[in-house]
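These are the residues of each chain, in order.
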Amino acid sequence: MKINYFNQPKDVKLGDILIEKLSSNFEKVWLVSGFTKDTGIDVLIDALKNSKIGEKNVFLGVDKKNTSKDMLLKLLAAGANLKTIINNDDNKIETRIYLFSNSKGNSYAYFAASKLSEGGLTENGCLITEVIYEETEYAEVKELILKIEEEFLLRETTVETISKLAEDGEIVARITERKIPRISDMYGKGEVEIGTMEYDESVGISGKNEIYEDVDIDVELPESGKVRIKKKL
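None of these values were measured; they are calculated from a predicted model.

### Quick look at the side chain of T157
Alright, step 1. Following the sequence through the fold, T157 ends up in the loop between β8 (155-156) and α6 (159-167).
Alright, step 2. Taking the relative accessible area as the measure of exposure, T157 reaches 4% and is therefore buried.
Alright, step 3. Side-chain polar atoms of T157 contact the side chain of T84, separated by 2.8 Å.
Alright, step 4. In contact with T157, not counting residues within four places along its chain, are L76, L82, K83, T84 and I162.

As structure tokens, then:
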């Protein structure tokens with residue numbers, strides 16, 4: 001086993017590392033983040049979609065202020081084996097691990113304190129720990145995978161699950177193009193601006209909203225060879 005340490009953004013950018021590894025020859029990948037913003041998934045979504053890695057596991061903590069129905073559906077369309085846990089005041093997961101495994105050859109794990117957001121992957125200062133496991137150490141890789149799955153009380157996430165999360169107000173239901181006020185001006189009024197994306201979070205601020213309006217996104221999953229995401233706002 002070999003361990004390397006890098007400072008972001010002085011030495012490397014975590015997003016660049018993950019994109020490069022997603023384009024490499026690994027058997028399986030786990031992208032694990034207890035705190036997830038759409039902007040972070042947006043950095044990785046093309047690389048994940050185009051990756052030739054056989055098994056693409058994405059384990060995410062989601063919440064009503066940072067995660068949208070759009071982005072979760074895009075992860076499914078990219079071929080991800082998607083599992084989620086709902087983050088709330090009583091149940092929060094902070095783990096961030098990115099693991100690329102090979103039973104024959106080296107495996108790589110990356111640990112970082114930065115959030116899975118655009119800033120966390122490209123700009124924010126943090127220490128990145130890279131652990132390289134040799135083929136003879138594959139048992140340790142499997143042990144790490146088991147520990148990850150034990151910590152997360154994960155549930156399989158499908159198109160139906162995502163729609164239910166949005167309907168119940170556990171994630172953002174809609175993304176809009178209109179300009180909205182600064183977060184300090186409108187916090188708690190049903191809308192949240194995250195990164196460069198503008199969100200209408202009119203559902204679920206304090207539970208299920210009876211006037212819920214679905215975004216109506218149609219996703220054609222990868223088996224057909226085409227991915228189509230159409231939004232009607």
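Still more to cover.
### As for the nonpolar core
One recurring pattern in soluble globular proteins is that nonpolar side chains are buried together.
Alright, step 1. In this structure, L60, L72, L75 and F100 are the most contacted members of the largest nonpolar core, which totals 39 residues.
Alright, step 2. Of all hydrophobic cores here, the second largest spans 13 residues; its members include F59, L99, V141 and I148.

### Looking at a nonpolar patch on the surface
Alright, step 1. A cluster of nonpolar side chains, M1, I3, Y5 and L127, forms an exposed patch at the surface whose accessible area comes to about 410 Å².
Alright, step 2. As for its placement among the helices and strands, I3 is situated in strand β1 (residues 2-8).
Alright, step 3. Taking relative accessible area as the criterion, I3 reaches 41% and is therefore assigned partly exposed.

### Regarding helix α1 (residues 14-22)
One turn of an α-helix holds 3.6 residues; hence residues three or four places apart share an orientation.
Alright, step 1. Three or more residues of α1 are buried, namely L14, G15, I17, L18, K21 and L22. The buried side chains of α1 occupy one side of the element, clustering within an arc of 160° when seen end-on.

### Notes on the pairing of strand β3 (residues 55-62)
Alright, step 1. With seven of its eight residues buried, β3 lies for the most part within the structure.
Alright, step 2. Pairing of strand β2 (residues 28-33) with β3, which is carried by six bridges, proceeds in the parallel orientation. Counted as the bridge partner of K28 is E55 from β3.
Alright, step 3. Note on the crossover from β2 through helix α2 (residues 38-50) to β3: the handedness is right-handed.
Alright, step 4. Note that β3 and strand β4 (residues 81-86) share six bridges and pair parallel. Bridge pairing in β4 links G61 to I85.
Alright, step 5. Taken together, β3, helix α3 (residues 69-77) and β4 form a β-α-β motif whose crossover is right-handed.

### Here we look at the packing of aromatic side chains
Alright, step 1. Counting across every chain of the model gives three aromatic pairs.
Alright, step 2. Relative to Y110, the ring of F100 has its centre 6.5 Å away and its plane inclined at 80°; by these criteria the two rings are edge-to-face. A residue pair is termed long-range when its members are at least 10 positions apart, and F100 in strand β5 (residues 96-101) and Y110 in strand β6 (residues 107-112) qualify at 10 residues. An identical accessibility class is assigned to F100 and Y110; each is buried.
Alright, step 3. Cluster of aromatic residues (ring-pair linked, three or more members): F26, F100, Y108 and Y110.
Alright, step 4. Sitting over the face of the ring of Y108, K21 holds its NZ or CZ atom 4.5 Å from the ring centroid.

### Some points on the sheet that holds β2
Alright, step 1. Spatially, the eight strands line up as an open sheet ordered β1-β7-β6-β5-β2-β3-β4-β8, and their pairing is mixed. The sheet terminates laterally at β1 and β8, the two strands that pair on one side only.
Alright, step 2. Note that β1 and strand β7 (residues 126-133) share seven bridges and pair antiparallel. Across the sheet, F6 pairs through a bridge with I128, a residue of β7.

### Looking at the environment of L44
Alright, step 1. Looking at where L44 falls in the secondary structure, it is placed in helix α2.
Alright, step 2. L44 sits 26 residues away from L18 along the chain, and the two C-alpha atoms are 7.7 Å apart.
Alright, step 3. In this view, L44 contacts G15, L18, I19, L22, L31, L116 and L121; residues no more than four positions away in its chain are not counted.

### Things to note about the environment of S33
Alright, step 1. Relative to the elements of secondary structure, S33 occurs in strand β2.
Alright, step 2. What makes S33 buried here is its relative accessible area of 0%.
Alright, step 3. Linking S33 and K115, residues 82 residues apart in sequence, is a C-alpha distance of 7.5 Å.
Alright, step 4. A polar atom in the side chain of S33 sits 2.7 Å from the backbone oxygen of F35.

Calculation notes
- Residues numbered from 1 in each chain as written.
- Predicted model: local features only at pLDDT ≥ 70, side-chain atom pairs only at ≥ 80, totals over all residues.
- Heavy atoms only, no water.
- Helix = DSSP H or I, 4+ residues; strand = E, 2+ residues; numbered from the N terminus.
- Buried < 20%, exposed > 50% of the residue type's maximum accessible area, 1.4 Å probe, protein only.
- Polar contact = N/O pair within 3.5 Å; in protein donor to acceptor, adjacent residues only side chain to side chain.
- Contact = heavy atoms within 4.5 Å.
- Core = buried A, V, L, I, M, F, W, Y, C linked by side-chain atoms within 4.5 Å.
- Patch = residues over 30% accessible without salt bridge, like charges linked within 9 Å, V, L, I, M, F, W, Y side chains within 5 Å.
- Areas by Shrake-Rupley, 256 points an atom, 1.4 Å probe, with all protein chains shown as cover.
- Salt bridge = Lys/Arg side-chain N within 4 Å of Asp/Glu carboxyl O.
- Arc of directions from axis to C-beta.
- Pairing = 2+ DSSP bridges.
- Right-handed = clockwise from strand over helix to strand, strands pointing away.
- Phe/Tyr/Trp six-rings, centres within 6.5 Å; stacked < 30°, edge-to-face > 60°.
- Lys NZ or Arg CZ within 6 Å of the ring centre and 35° of its normal.

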